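Listed here are the chains, written in short residue letters.
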Amino acid sequence: HMVRGVLRFSPTSPWGLAAYEELFVNFNSVTAGPEGGFDQNRFFLGVNLKVDAFQFELGYMHNFVNRPGAAAERVNHNITFMYVS
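Residues numbered from 1 in each chain as written. Predicted model: local features only at pLDDT ≥ 70, side-chain atom pairs only at ≥ 80, totals over all residues. Heavy atoms only, no water.

Engineer: Would you take a moment to explain unusual backbone geometry for this structure?
Structural biologist: Backbone phi values are negative for most residues with the exception of glycine, while trans is the configuration of most peptide bonds. Positive phi outside glycine occurs at Asp-52, with the angle close to 55°. Relative to the helices and strands, Asp-52 resides in the loop between strand 3 (37-51) and strand 4 (54-66). (Helix = DSSP H or I, 4+ residues; strand = E, 2+ residues; numbered from the N terminus.)

Okay, here's the thing in structure tokens:
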């Protein structure tokens, strides 16, 4: 599931603050594959620029990944640029 929002700096401004939280859950365990339960979480915070019908975002993404095995947990720090439709 993803929860996402953009807060404009003013009602007519093309610039805004963007944030989202995204949670990944596996419903089933698979032999030699992913285990059921929590898989990963992504959190993004950045700026949003709206140009006509297009929106672009640049910011920081914190990605927490839960994997079975010796290196079970991993954290990725990303600078992210994306087009949002």
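Engineer: Where do I start with the side chain of Gln-40 in this structure?
Structural biologist: For Gln-40, the location among the structural elements is in strand 3. A residue is classified by how much of its surface remains accessible, and Gln-40, at 9% relative accessible area, is buried. Among the polar contacts listed, one links the side chain of Gln-40 to the side chain of Arg-42, at a separation of 3.5 Å. (Buried < 20%, exposed > 50% of the residue type's maximum accessible area, 1.4 Å probe, protein only. Polar contact = N/O pair within 3.5 Å; in protein donor to acceptor, adjacent residues only side chain to side chain.)

Engineer: Quick question: what am I supposed to make of the nonpolar core here?
Structural biologist: If you look at soluble globular proteins, the nonpolar side chains tend to sit buried side by side. Counting 6 residues, the largest nonpolar core consists of Ala-18, Tyr-20, Phe-44, Met-61, Met-82 and Val-84. At the level of elements, strand 2 (15-26) and strand 5 (73-84) are the ones that each hand at least two residues to this core. (Core = buried A, V, L, I, M, F, W, Y, C linked by side-chain atoms within 4.5 Å.)

Engineer: For this particular structure, what's the right way to read the sheet that holds strand 5?
Structural biologist: Remark on secondary structure: sheet strands pair via backbone hydrogen bonds, oriented parallel or antiparallel. Pairing is antiparallel in the open sheet, where 5 strands are placed in the order 1-2-3-4-5. Of all strands in the sheet, those with a lone pairing partner are strand 1 (2-8) and strand 5, marking the two edges. Between one strand and the next, the sheet's axes are offset by a mean angle of 15°, whatever the strand orientation. Looking at chain direction, strand 4 and strand 5 are connected through 12 bridges and run antiparallel. Across the sheet, Phe-64 pairs through a bridge with Val-75, a residue of strand 5. (Pairing = 2+ DSSP bridges. Axes fitted to C-alpha atoms, helices over the stretch in contact; angles between N-to-C directions.)

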